[in-house]
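Observations on the model geometry
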Amino acid sequence: MLDHAVIDGLFPADLPEPEELERLYPPRQLPAGAQVTRFGPSPTGFVHIGGIYVATIDRDVASHSGGVYLVRVEDTDQTREVEGALAQFARAFGYFGIVPDEEDSRGAYGPYHQSRRERIYLSYVRDLLRRGKAYLCFATKDELAAISARQQAAKIPTGYYGEWAIWRDAGPEAVMANLAEGVPYVVRLRAPDDAAGRRVRYTDVIRGEVENDANRNDAVILKSSDSSPRLPTYHFAHAVDDHLMRVNLVIRGEEWISSVPLHLQLFDALGFTPIAYAHIAPLMKQIPGGKRKLSKRKDPEAGVGFYIQEGYPAPAVLYYLRGLANGRLAEVPLAQALASPILLDQCGVAGPLVDLVKLADISADHIATLSGPRVLEAVGVWASEFDPGLAGVLEAERDLALRALAVEREGVENPRKDLRKWSDFRDAYGFFFPQLFTPVSGSADERLAPVGVDPATAASFARDFADGYEHLDDQQEWFGQIRELAAKHGFAPSAKEYKANPDAYPGSVREASQLIRVSLTGSTRSPDLHAIARAIGAPEVLRRVRALAG
Ligand code: GLU
């Protein structure tokens, strides 16, 4: 074993001792049962919707148990780091309103950036080296590749373990000689001698009893000595941080489950009490013949940006995600689902499917419960970023926008469900605004083709309608104008009569209404025509109908 003096010489002289760190970050004074959870985003420039999913669970479990939820930025892999990633992260979590109790700006257990915790990690690495639980490894990439090739040829498990671990039992002279020459090294954990062939058992909060092979690899815990800052691997940082931040429930993605045997060894070597784990099954996507994990590369909906850009309201997405976590929460109304706890023992072991059609339905239902002013506000916020043209119109035409949104929304039992997301607004409501209204283009023939009335009749009908138009308040009286004019222009009084004798009429009263509809909305489908006319106002009604008159 190396001399303590040699070991200490590898580290800054003023590193704190583990005991000091234990004192600095004492156990938390929390009520019994309080869960301290954390979310550890890596700043790679992409926020996965699965991150919102897991963080929602973290936040929820902490809140409902009277505990603490903290965010720790896991930026030890600086090669993967992307400029602006943290801002993106803040924006994504801001959108969903998932706010930690502790993060960089507040909390007594920081710093909450791993890259700022170098001295803490080094203190524990030094401690493990002093106690012979870790060692310096100078193996080069080529040597590691050669070891792996020989193991493959011999058909035995690959890895750095046992007699294959060439620096595991190296004498101090060899180590000192390399140190004297400044050869870079990593620090590895010495896996217990009897690890090979042993099994470990632990209880996962979601999966129950899990059994696995013990880890026998001498895992790297501190990256190369020629890098600066000298940062730990994920595994080592997890053990040190979650211990010192006094986390008592690690909720994380299922992909880490295979690392638990190593993590348990780390906790043991460091003398830490192990922490409970809850491994969350990943969000999945239906594909022909099966399902697979939502993929950052293949599926736009894997990224949080997708939901923000499309303008899915945060409560609808959160409601949906909570329903995926706990099926029972999909069965209760939104407000109740958002307020009821997510129970870890109800989280499935199989990854739930993300179904955008389902989300859109949920979202439309949710938006239908909102008042016009609230919808307008949300659309405005969305548009100011993603559709500035629309934002300008909404600002200039606030009253018109509110009148438009009131149509079949306010004072009715079943409000329209014409918005699934804020980006639907332009298509669904754009025609109300003179600035956004595009009359059906093309020749009169083309414009009227969907209505099926000959252009000459349509034009004279429209002209008469405009000439005698009364902007009546009463819906029946307003429609009366169309009915009377339709009769005057020879339209059949009912669809039935028209059908029975199609050559005798230019259409029925229904086609006559459709003429007005197409002229007012540019479409053959729309909400109640009278309500639209009242919302856009008489001058605009006349302008649009006259356009049809040619
Ligand atoms: N930084 C890790 C990740 O992005 C966090 C895993 C954990 O929660 O422990 O996967």
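Our subject is the structure listed above.
Now for a look at the structure at hand. (Residues numbered from 1 in each chain as written. Predicted model: local features only at pLDDT ≥ 70, side-chain atom pairs only at ≥ 80, totals over all residues. Heavy atoms only, no water.)

Observations concerning the overall build of the protein
- Counting its regular elements, the protein contains 24 helices and 11 strands.
- Whereas a compact globule of 550 residues would reach a radius of gyration of roughly 24 Å, the protein reaches 34 Å, over 25% beyond that.
- Its C-alpha atoms give the protein principal-axis dimensions of about 110 × 55 × 40 Å.
- Counting every position in the protein, which comprises 550 residues, the buried fraction comes to 51%.
- Taking the contacts inside the protein whose residues are at least 6 apart along the sequence as the reference set, 72% of them involve residues at least 24 apart.
- Accessible surface computed for the protein: about 25500 Å², of which carbon and sulfur atoms make up 52%.
- Counting 62 positive and 74 negative side-chain charges, the protein places the centres of these two groups 2 Å from one another. (Helix = DSSP H or I, 4+ residues; strand = E, 2+ residues; numbered from the N terminus. Rg over C-alpha atoms; globule rule 2.2 N^0.38 Å. Buried < 20%, exposed > 50% of the residue type's maximum accessible area, 1.4 Å probe, protein only. Contact = heavy atoms within 4.5 Å. Areas by Shrake-Rupley, 256 points an atom, 1.4 Å probe, with all protein chains shown as cover. Lys, Arg positive; Asp, Glu negative; His and termini not counted. Charge placed at Lys NZ, Arg CZ, Asp CG, Glu CD.)

Remarks on the layout of surface pockets
- A volume near 1200 Å³ is recorded for the largest pocket.
- Around the largest pocket, the lining is made up of 42 residues, and of these Gly40, Ser42, His48, Glu255 and Trp256 lie nearest the centre.
- It is helix α3 (residues 49-64) that contributes the most residues to the lining of the largest pocket, 4 residues altogether.
- Across the lining of the largest pocket, the residue classes tally to 19 nonpolar, 11 polar and 12 charged. (1 Å grid on protein atoms, 1.4 Å probe; cavity = no way out; pocket = protein on both sides within 12 Å on 5 of 7 lines; lining within 4 Å. Points joined across faces, edges and corners; volume = space filled by probe spheres on them. Nonpolar A, V, L, I, M, F, W, Y, C, P; charged D, E, K, R; others polar.)

Topic: helix α9 (residues 260-270)
- With respect to burial, α9 is a largely interior element, 9 of its 11 residues being buried.
- Taken as a whole, α9 has its buried residues at Val260, Pro261, Leu262, His263, Gln265, Leu266, Phe267, Ala269 and Leu270.
- Note on α9: the residue one or two positions beyond its end, Gly271, has a positive phi of about 75°.

Overview of helix α23 (residues 529-536)
- Where burial is concerned, most of α23 is hidden: 7 out of the 8 residues are buried.
- Three or more residues of α23 are buried, namely Leu529, His530, Ala531, Ile532, Ala533, Ala535 and Ile536.
- Buried residues along α23 sit in contact with α16 (398-406), α20 (475-488), α22 (509-521) and α24 (538-549).

As for empty space enclosed by the protein
- Taken as a whole and assessed by the stated rule, the structure comprises 1 cavity of 30 Å³ or more.
- What lines the largest cavity is Ile49, Tyr307, Val317, Tyr320, Leu321, Leu324, Val354 and Leu359.
- Per-element accounting of the lining of the largest cavity gives the leading share, 4 residues, to helix α11 (residues 314-325).

A few points about the pattern of salt bridges
- The final tally for this structure, using the stated rule, is 40 salt bridges.
- Salt-bridge contacts for Asp193 lead to Arg168; the nearest nitrogen and oxygen are separated by 2.5 Å. Here Asp193, found in the loop between β4 (186-189) and β5 (199-204), pairs with Arg168, found in the loop between α6 (141-153) and α7 (172-181); they are 25 residues apart in sequence, far enough to count as distant.
- A salt bridge links Asp464 to Lys488, with the nearest nitrogen and oxygen atoms 2.9 Å apart. Of this pair, Asp464 sits in helix α19 (residues 455-467) while Lys488 sits in helix α20; the two residues are 24 residues apart in sequence, bridging distant segments of the chain. (Salt bridge = Lys/Arg side-chain N within 4 Å of Asp/Glu carboxyl O.)

Things to note about the side chain of Thr37
- Within the fold, Thr37 resides in strand β1 (residues 36-39).
- Using a relative accessible area of 0% as the deciding quantity, one classes Thr37 as buried.
- Within the local environment of Thr37, its side chain forms a polar contact with the backbone oxygen of Asp58, the two atoms lying 3.0 Å apart.
- Excluding residues that lie within four positions of it along the chain, Thr37 makes contacts with Asp58, Val61, Ala62, Val68, Tyr69, Leu70, Val247, Leu249 and Ile251. (Polar contact = N/O pair within 3.5 Å; in protein donor to acceptor, adjacent residues only side chain to side chain.)

Examining the pairing of strand β2 (residues 68-71)
- Burial of the side chains of β2 extends over both faces: Val68 and Leu70 are buried on one face and Tyr69 and Val71 on the other.
- Pairing between β1 and β2: 4 bridges, direction parallel. By the bridge assignment for β2, Phe39 is matched with Val71.
- The β-α-β motif built from β1, the intervening α3 and the parallel element β2 has right-handed crossover chirality. (Pairing = 2+ DSSP bridges. Right-handed = clockwise from strand over helix to strand, strands pointing away.)

Structural notes on the pairing of strand β6 (residues 208-213)
- Across 6 bridges, the pairing between β5 and β6 is antiparallel. Counterpart to Val200 in the pairing with β6 is Asn212.
- Between β5 and β6, which follow one another and run antiparallel, lie 3 residues.

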